[in-house]
Amino acid sequence: MMDVQLVRPSTKYKEEYLSFYQEWLESNEVIVPWVITKDPRDFEGMLHFLLNNEEGIEPRKVGLGIPLTGWLPKQIELWEL
């Protein structure tokens, strides 16, 4: 059985995230959830935004709970689960 763990956004996963983001853009699919629409070209700025959201510092839509972002750093094929 494979150990699967969500991690907090970090520069450690920058290359994986940028690859994931580019693949999604190239697919022309609708990007959901909204947090993925945050442009990662300024990766450190994006991380700062995400962590500030968790702490309630960045403005967010009224009526929504605190957004927590977790990443699954290893790409897993469905048949592995």
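What you are looking at is a predicted structure, and each value in this text was computed from that prediction instead of being measured.

(A) Here's a closer look at the nonpolar core. In this structure, Tyr17, Ile36, Phe43, Met46, Leu47, Leu50 and Trp71 are the most contacted members of the largest nonpolar core, which totals 14 residues. Sorting the residues of this core by element identifies helix 1 (14-27) and helix 2 (43-54) as the ones contributing at least two each. Counting residues per element, this core draws most heavily on helix 2, which supplies five residues. Sequence-distant contacts of Tyr17, that is, excluding residues within four places in its chain, are made with Ile36, Pro40, Phe43, Met46 and Trp71.

(B) Geometry of helix 2. The end-to-end C-alpha distance of helix 2 is 17 Å, a good match for the 16 Å that 12 residues give at a rise of 1.5 Å each. Residues of helix 2 that are buried include every one of Phe43, Met46, Leu47, Phe49, Leu50, Asn52, Asn53 and Glu54, and no others. Next to the buried residues of helix 2 lie helix 1. Count one or two residues on from helix 2 and you reach Gly56, which has phi positive near 80 degrees.

(C) View of empty space enclosed by the protein. For the structure shown, the criterion picks out one cavity of 30 Å³ or more. By volume, the largest cavity is sized at about 30 Å³. As for the largest cavity, its lining consists of Trp34, Val35, Leu50, Asn53, Pro67 and Thr69. Of the residues that constitute the lining of the largest cavity, the class distribution is four nonpolar, two polar and no charged.

Basis of the calculations
- Residues numbered from 1 in each chain as written.
- Predicted model: local features only at pLDDT ≥ 70, side-chain atom pairs only at ≥ 80, totals over all residues.
- Heavy atoms only, no water.
- Core = buried A, V, L, I, M, F, W, Y, C linked by side-chain atoms within 4.5 Å.
- Buried < 20%, exposed > 50% of the residue type's maximum accessible area, 1.4 Å probe, protein only.
- Helix = DSSP H or I, 4+ residues; strand = E, 2+ residues; numbered from the N terminus.
- Contact = heavy atoms within 4.5 Å.
- Expected span 1.5 Å × (residues − 1).
- 1 Å grid on protein atoms, 1.4 Å probe; cavity = no way out; pocket = protein on both sides within 12 Å on 5 of 7 lines; lining within 4 Å.
- Points joined across faces, edges and corners; volume = space filled by probe spheres on them.
- Nonpolar A, V, L, I, M, F, W, Y, C, P; charged D, E, K, R; others polar.

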